[in-house]
Amino acid sequence: MADETTNGAAAAADNTAAQGAQFTIQKIYLKDVSFEAPNAPAIFTEQNVQPQLNLNLSQSVTGLAQDVFEVVLSLTLTCTVGDKTAYLVEVKQAGIFGLQGFDAPTLDGMLGTYCPNVLFPYARQMISDLVQGGGFPPFYLQPINFEALYAEGLRRRAEQMQAEQQPPAGNA
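Residues numbered from 1 in each chain as written. Predicted model: local features only at pLDDT ≥ 70, side-chain atom pairs only at ≥ 80, totals over all residues. Heavy atoms only, no water.

Visitor: Just checking my understanding: could you explain the side chain of Ser74 for this structure?
Guide: Assignment of secondary structure puts Ser74 in strand E3 (residues 68-81). Residues within four places of Ser74 in sequence aside, it is in contact with Asn56, Leu57, Ser58, Val91 and Lys92. (Helix = DSSP H or I, 4+ residues; strand = E, 2+ residues; numbered from the N terminus. Contact = heavy atoms within 4.5 Å.)

Visitor: I keep staring at the nonpolar core and nothing clicks. Help me out?
Guide: Across soluble globular proteins, nonpolar side chains show a tendency to be buried alongside one another. The biggest cluster of nonpolar side chains holds 29 residues, and the ones touching the most others in it are Tyr87, Leu99 and Ile127. Sorting the residues of this core by element identifies E3, strand E4 (84-100) and helix H2 (104-133) as the ones contributing at least two each. Sort the elements by how many residues they give to this core and H2 lands first, with 10 residues. When residues no more than four places from it in sequence are discounted, the contact partners of Ile127 are Leu75, Leu77, Val89, Val91, Phe139 and Leu141. (Core = buried A, V, L, I, M, F, W, Y, C linked by side-chain atoms within 4.5 Å. Buried < 20%, exposed > 50% of the residue type's maximum accessible area, 1.4 Å probe, protein only.)

Visitor: Quick question: what am I supposed to make of the pairing of strand E2 (residues 52-65) here?
Guide: Two faces make up the sheet, and in a regular strand the side chains alternate between them. Alignment of E2 against E3, held across 13 bridges, turns out to be antiparallel. What sits directly across from Val61, in E3, is Val71. What sits between the antiparallel neighbours E2 and E3 is a turn of 2 residues, in which Asp67 has the positive phi angle 65 degrees. (Pairing = 2+ DSSP bridges.)

Visitor: What's the story with the packing of H2 against helix H3 (residues 146-165) in this structure? I'm lost.
Guide: Two numbers describe a pair of packed helices, the interaxial angle and the distance between the axes. Put simply, H2 and H3 touch, their axes get as near as 9 Å, and they point 145 degrees apart. In this structure, the crossing between H2 and H3 has a hand that is right-handed. Contacts from Pro105, Asp108, Gly109, Gly112, Thr113, Pro116, Asn117 and Phe120 of H2 reach H3 at Phe146, Glu147, Tyr150, Leu154 and Arg157. Looking at the contact of H2 with H3 residue by residue, the class counts come to 6 nonpolar, 4 polar and 3 charged. (Axes fitted to C-alpha atoms, helices over the stretch in contact; angles between N-to-C directions. Left-handed = near helix turned anticlockwise from the far one by under 90°. Nonpolar A, V, L, I, M, F, W, Y, C, P; charged D, E, K, R; others polar.)

Visitor: Which parts of the structure should I look at to understand the pattern of salt bridges?
Guide: Any two side chains of opposite charge can pair, so long as their charged atoms come close to each other. As enumerated under the stated definition, the model contains 6 salt bridges in all. Put simply, Lys84 and Glu46 hold a salt bridge, and the shortest N to O gap is 3.4 Å. Here Glu46 lies in the loop between strand E1 (22-36) and E2 and Lys84 lies in strand E4, a separation of 38 residues in the sequence. Residue Glu46 is classed as partly exposed on the basis of its relative accessible area of 32%. Measuring nitrogen to oxygen at the nearest pair gives 3.1 Å for the salt bridge that ties Arg156 to Glu152. Of the two residues, Arg156 and Glu152 both sit in helix H3, 4 residues apart, roughly one turn of that helix. The network of salt bridges with shared partners includes Glu152, Arg155, Arg156 and Glu159. (Salt bridge = Lys/Arg side-chain N within 4 Å of Asp/Glu carboxyl O.)

Visitor: So what exactly am I meant to see when it comes to the confidence of the model for the chain here?
Guide: Detail in the predicted coordinates should be disregarded across regions flagged by low pLDDT. Averaged over every residue, the pLDDT of the chain is 87; residues scoring 70 or more account for 85%. Segment residues 1-18: pLDDT under 50, and 0 contacts once partners within four positions in sequence are set aside and those in other chains are kept. (pLDDT = per-residue confidence, 0-100.)

Visitor: Looking at this model, I keep getting lost on the pairing of E4. Mind explaining?
Guide: Counting buried positions along E4 gives 12 out of 17 residues, so the element sits mostly inside the fold. In this structure, E1 lies alongside E4, joined through 13 bridges in antiparallel fashion. Paired with Ile25 across the strands is Phe97, a residue of E4. The sheet contact formed by E3 and E4 spans 14 bridges and is antiparallel. In the strand pairing of E4, Phe69 is matched with Phe97. Taking the residues that link successive antiparallel strands as the turn, the E3-E4 hairpin has 2 residues, and the phi of Gly82 there is positive, at about 65 degrees.

Visitor: How should I be thinking about the packing of aromatic side chains in this particular structure?
Guide: Aromatic rings considered in pairs are described by the distance between their centres and by the relative angle of their planes. Per the stated rule, a full pass over the model turns up 7 aromatic pairs. With centroids separated by 6.4 Å and ring planes inclined at 55 degrees, the aromatic side chains of Phe35 and Phe136 adopt a geometry described as tilted. Highlighted residues: Phe35 in strand E1 and Phe136 in the loop between H2 and H3, separated in sequence by 101 residues. Using a relative accessible area of 28% as the deciding quantity, one classes Phe35 as partly exposed. (Phe/Tyr/Trp six-rings, centres within 6.5 Å; stacked < 30°, edge-to-face > 60°.)

Structure below.
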């Protein structure tokens, strides 16, 4: 009987803790999109040349209200064939997220990893649709490890802060 009371109290405590931190997706939307094929239709006749792909990724976070944030995931994919640009795709996939009850490090982590993970499949599908709609072979963007990118960003910030705190060497 004592175990039941303890388990019930633990469940109630877990429920209270779960209510303390809340994550909600309020809206997911396409903020900006661009597709260019500057060398079409001549680029379609290029043969025996391996296309080169370059992907640039960035994100931004804007506070909209208390506990409400806009996260924008920006992806730019450039495909070149030789010295000519076959296509250029730019997608800004955005979302409005409610994050309430998180401490500062956890909030930063949620905005830097979890929110981009939610947005990525939408951006990935849009890029694929645009490339194929532009007359090019399908392109499937591989998954991105936002946790690793976030950890790398934290490491770089820590190194930069440490370098700024070091006194200048020499001239003693």
